[in-house]
Amino acid sequence: MDTKAIPHQWQVAGVVSFYMGAALVMVFVNKAVLNSSPDLPLLFLLIQLVLAVLLLHGAARFTPKVELPRIDLQTAKKLAPVTTVNVIGLVFNILCLRGVEASFFQIARGLVLPLTIAVSSIHGHSIPPSRVLLAAFVVALGFFFGVAPDSAVANWRDAPSQSSLIYGVLSSLFIAIHAVLIKISLPYAHNSTIQLAYWQNLGSAIFLAPFILFQGEFTKLFELYHSPTWHAEVFVWGSLVTGVFGFLLCVAGLLSIKVTSPVTHMFSSAARTAIQTLLGVCIFDDLLTRNRIASILVIAAGTMYYTWVKSQESAPSPPRAAPVPQDDIEANAIDMQEKKAPPP
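Residues numbered from 1 in each chain as written. Predicted model: local features only at pLDDT ≥ 70, side-chain atom pairs only at ≥ 80, totals over all residues. Heavy atoms only, no water.

Novice: Account for helix H6 (residues 112-124), with residues named and values stated.
Specialist: Given 3.6 residues to a turn, an α-helix orients residues that are three or four positions apart in the same direction. Between its first and last C-alpha, H6 extends 18 Å over 13 residues, near the 18 Å set by a 1.5 Å rise per residue. Looking only at H6, the buried set comprises Val 112, Leu 113, Pro 114, Thr 116, Ile 117, Val 119, Ser 120 and Ser 121. The positive-phi residue at the C-terminal boundary of H6 is His 125, with phi of around 50°. (Helix = DSSP H or I, 4+ residues; strand = E, 2+ residues; numbered from the N terminus. Expected span 1.5 Å × (residues − 1). Buried < 20%, exposed > 50% of the residue type's maximum accessible area, 1.4 Å probe, protein only.)

Novice: Any chance you could break down helix H7 (residues 130-147) for me, citing the residues and the numbers?
Specialist: The terminal C-alpha atoms of H7 lie 26 Å apart, and with 18 residues this matches the ideal 26 Å at 1.5 Å per residue to within 8%. Burial in H7 covers these residues: Val 132, Ala 135, Ala 136, Val 139, Ala 140, Gly 142, Phe 143 and Gly 146. Summarising the axial view, the buried residues of H7 lie within an arc of 155°, below the 170-degree limit, and thus occupy one face. Opposite the buried face of H7, at more than 90 degrees from it, the exposed residues are Ser 130, Phe 137 and Phe 144. Tucked into the core, H7 has its buried residues touching helix H5 (105-108), H6, helix H9 (162-185) and helix H14 (290-313). (Arc of directions from axis to C-beta. Contact = heavy atoms within 4.5 Å.)

Novice: Can you explain the pattern of salt bridges? Please cite residues and give values.
Specialist: Oppositely charged side chains can pair when the atoms bearing their charge come close. Evaluated as defined, the whole model comprises 1 salt bridge. With a shortest N-O distance of 2.3 Å, Glu 101 and Arg 292 are connected by a salt bridge. With Glu 101 in the loop between helix H4 (80-99) and H5 and Arg 292 in helix H14, the pair connects residues that are 191 residues apart, well separated along the chain. Note on accessibility: Glu 101 and Arg 292 belong to one class, buried. (Salt bridge = Lys/Arg side-chain N within 4 Å of Asp/Glu carboxyl O.)

Here it is, written out as structure tokens:
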């Protein structure tokens, strides 16, 4: 037996387990905070963004691997499009999560893969291979299974509203656009994902702050503070936990790129979806209908098929004249979809 394979297997298992755990914590703690403080979604998001910036500064003091960018106006202008799209996507993302059940969240944002394939194809002026289109069709079919009218959901106390579903679709669209813009914007951040994450968190926080004032969320916070029924500890601890875990999720995402394969990522994503659904039912008493089960299974199957197709495309082949490999924009979007809710 290869003795080097054992440590590597433990490393992969550790990274995947931590990545799954952090992603689940993000979704469920976010949902708990939004349930207790539904009038403070933007303030909640701002706290997470500020915490991410502070944690990046702290990490930069302890390790040279975290290199923060030098703040200058020219770079900020070049990164303004990706930052703007990022914060708009985060806002739609958190508004979607506020209005739907935790187990339904993946369904509400089920169009991430089809929309990303469409946006990247339009941007690249290319037509995706037939197998990629098939995967997109399967995922889209799963989404429509989940949002189709269901008599069991119609009378449910937490039936998702039309506005929440619209937020989910818009969140998926902005994730897709963001994936394309990241590829364009990365050179402006010296091809460093850490530096780009720092720019996006800082810029998103600055962009978001005025809207919190316009929405009157600070006034609502003052009113809630004097309300005996408000659970302030849920909001405070939830903000801290999601801020820290959002930062750790970013680190875990970078580690997963180095030590895991697309196939490993495929099965871990499917497992996380199943666990998220079961926890949603157990913790929040979410409703699980046949339509929703079918939707989750079909979306997971389409995503797994897509990941398998991309892994086959990137498999090594005998040396010969071949086109220069391109970045997998769609895979990046799937990865961002898992981090959002909201990520650093």
